[in-house]
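# Architecture at a glance
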Amino acid sequence: MEGLTEGLFMYMVAAIAILVALGLAVFRALAGPTVFDRALAANAVGTGAIMLLAIVGFLTGRPEFLDIGILYALLNIIATLAVLKFFRYGDLGHAGEEPKD
Amino acid sequence: MVLLTLMAIVTIGVVRLRNLFAVVILGGIYSFLMASVMIMLDAVDVAMTEASVGAGISTVLMLGTLYLTKMEETRPAHTPLLPLFVAVVTAGGLIYGTIDLPPFGDAAGIIHQHVAPHYLQNSIVETSVPNVVTSVLASYRGFDTLGETVVIFTAGIAVLLLLKGRRPASEPDSNAAKARSRRRRPKA
Amino acid sequence: MSDQILTIVSWLFLGLGSFFYLVGAFGLFRMPDVFTRMHAVSVSDTLGVGFLITGMAIETGWSLNTARLIIILAIMLYSGPIATHALAQAALHAGVKPKLADNRLKKSRRISATREIAGSSNIQAKSSAPTKSRSRTARKSSSATRGKGRGQSSKR
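Quick caveat: nothing in here was measured; it's all calculated off a predicted structure.

In this section: the overall build of chain B. In terms of regular secondary structure, chain B is built from eight helices and zero strands. Along chain B, from the amino end to the carboxyl end, the secondary structure elements read α-α-α-α-α-α-α-α. Burial analysis of chain B (188 residues in total) assigns 20% to the buried set. In chain B, once contacts between residues fewer than 6 apart in sequence are set aside, the share between residues at least 24 apart is 48%.

Looking only at helices and strands, one finds six helices and zero strands in chain C. Listing each helix as α and each strand as β along chain C from the N terminus yields α-α-α-α-α-α. Looking at chain C as a whole, 34% of its 156 residues qualify as buried. Counting contacts in chain C only where the partners sit at least 6 residues apart, residues at least 24 apart contribute 57% of the total.

Attention shifts here to the nonpolar core. Residues A:A25, A:A29, A:V45, A:L53, B:I25 and B:I29 are the most contacted members of the largest nonpolar core, which totals 91 residues. Ignoring sequence-local partners within four residues, the contact set of B:I29 consists of A:V26, A:A29, A:A42, A:V45 and B:V10.

All names here are of chain B. Overall, the prediction assigns chain B a mean pLDDT of 74, with 75% of residues at 70 or greater. The weakest mean pLDDT in chain B belongs to helix 8 (residues 173–184) at 50; the strongest belongs to helix 4 (residues 81–99) at 88. Confidence drops under pLDDT 50 across residues 170–174; counting only partners more than four residues distant or on other chains, this segment forms one contact. Across residues 184–188, confidence stays below pLDDT 50; counting only partners more than four residues off in sequence or on other chains, it has eight contacts.

What follows is about the packing of helix 2 (residues 35–59) of chain A against helix 2 (residues 20–40) of chain B. Where helix 2 of chain A meets helix 2 of chain B, the closest approach of the two axes is 9 Å, and the angle between their N-to-C directions is 5°. Comparing their axes, helix 2 of chain B and helix 2 of chain A come out roughly parallel. Between helix 2 of chain A, through A:V35, A:R38, A:A39, A:A42, A:V45, A:G46, A:A49, A:L52, A:L53 and A:V56, and helix 2 of chain B, the contact on the second element is made entirely by B:F21, B:A22, B:I25, B:G28, B:I29, B:F32, B:A35, B:S36, B:I39 and B:M40.

In this section: helix 3 (residues 64–93) of chain C. Residue and element names in this part refer to chain C. Between the first and last C-alpha of helix 3 there are 43 Å, a value that for 30 residues agrees with the 44 Å anticipated at 1.5 Å per step. For helix 3, every residue scored as buried is listed here: N65, R68, L69, I72, M76, S79, G80, A83, L87, A90 and A91. Just downstream of helix 3, G95 is the residue with a positive phi angle, here 95°.

Time to look at the environment of C:V34. Within the secondary structure layout, C:V34 lies in helix 2 (residues 34–60). You can call C:V34 buried: it has 24 C-beta atoms within 10 Å. In the structure, C:V34 is positioned 65 residues away from C:K99 in sequence and 9.1 Å away in space, judged by C-alpha atoms. For C:V34, the contacting residues outside a window of four places in its chain are A:T34, A:F36, A:D37, A:L40, C:A91 and C:V96.

On to the packing of helix 1 (residues 8–31) of chain A against helix 2 of chain A, then. Residues and elements named next belong to chain A. Where helix 1 contacts helix 2, the two axes come as close as 9 Å, and the packing angle between them is 160°. The angle between the axes of helix 1 and helix 2 places the two elements in the roughly antiparallel class. Handedness of the crossing formed by helix 1 with helix 2: left-handed. A class-by-class count of the residues in the contact of helix 1 with helix 2 yields 20 nonpolar, one polar and three charged.

Quick look at the environment of B:E50 now. All names here are of chain B. The topology assignment puts E50 in helix 3 (residues 44–68). Separated by 16 residues in sequence, E50 and M34 have C-alpha atoms that sit 7.3 Å apart. If we skip the residues at most four places from it in the chain, E50 touches S31, M34, A35 and M38.

Take the confidence of the model for chain C next. All names here are of chain C. Here chain C averages 70 in pLDDT, while 63% of its residues score no lower than 70. Across residues 113–156 the pLDDT falls below 50, and counting only partners more than four positions away or on other chains, this stretch makes 59 contacts in the model. This prediction of the complex comes with two scores: 0.67 for pTM and 0.73 for ipTM.

Thresholds, definitions, all that
Residues numbered from 1 in each chain as written. Chains lettered and ligands numbered in written order. Predicted model: local features only at pLDDT ≥ 70, side-chain atom pairs only at ≥ 80, totals over all residues. Helix = DSSP H or I, 4+ residues; strand = E, 2+ residues; numbered from the N terminus. Buried ≥ 20, exposed ≤ 12 C-beta atoms within 10 Å, placed from the backbone. Contact = placed C-beta atoms within 7 Å. Core = buried A, V, L, I, M, F, W, Y, C linked by C-beta atoms within 7 Å. pLDDT = per-residue confidence, 0-100. Axes fitted to C-alpha atoms, helices over the stretch in contact; angles between N-to-C directions. Parallel < 35°, antiparallel > 145°, perpendicular 65-115°, else oblique. Expected span 1.5 Å × (residues − 1). Left-handed = near helix turned anticlockwise from the far one by under 90°. Nonpolar A, V, L, I, M, F, W, Y, C, P; charged D, E, K, R; others polar.

Now the structure itself:
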């Protein structure tokens, strides 16, 4: 763990904050009453993964991982949009029943 | 550690939930957490694969599958005792196997003695690829990688055909085209 | 000297970013509704991520990593509103109504008149019932509110 800058403490704080945020988002994904809560939580978890990647990259002094952060950001938006587009245009009644309107 | 706990919680949620759409979303979350764990373990390439395959492609493919099936998981007809027993025995065997492994990152481990030094020292001279992992994957094991790519390509084509084939013929073309463009999104 | 100032500034940015990120996550945890949760997540998506990335970029100085950080920030600043917009649109399309202040009274009266299962969705976010039954009632109630939401919107 050599080659660390002085901002290490703050990086630790940020990493812990992001971990807590990940936990809360996972709770919301599990408990969310509707699917949209879950999709929102999935988006938040993706954001948290990107930020955790960046922070950990700086924490271990190897910020070259940020390329993968770019990839994650693109994947995150693609996954969210796919889910939502499916939910909007896909043929889903809840529980296989027909929509009532 | 925290990430692994979160992954376990997500897994329990996946098992308990009956709404398959929620399960698909939770699968995406699981993949992102798994990728974070991989980054913690310094395995960046595996993390990248996990995120792109697990959270990107397979989510979209699962959604395409959900389009063709129901949203709701049916109750299992059998008791889960026998699968549980098999899973526990397999997990016990795997954990027993990890006891003999050298410690993580040990440079004196057996797997680091065989061909790894050769790759590390000679790969740039022999292949002139700057990245050692890339040189191993694309040059030393080129045919292996080619075979893997063929397998994955075949699987992708098969999945696309399966997802496409079950439409009724009377469906209007615009709808099918829309669905097809939706499936093509992740590749773009 | 200027290094110290830069370090202090980046600490400040990182601390602010962590704070806003946590605020957004708590909002995601505590807010009662999909739309308010979306609102909370936007805090962490813009302010939290923005401050964190700015702090990291200040710490890095001018290098290739700064460019990567800026690209990440740009992608997230573009994709966040798109995702939120699509989410809100899909939620409205599926019949999830936002909880309004005057809507709540009417809703509770209507629910007590028609079906009591749907009423559990209001308390659901706070209660700690087992996951399975919760999701099932959520499904029922959302399909129930969908039909009712349509009638209500046509009334307006």
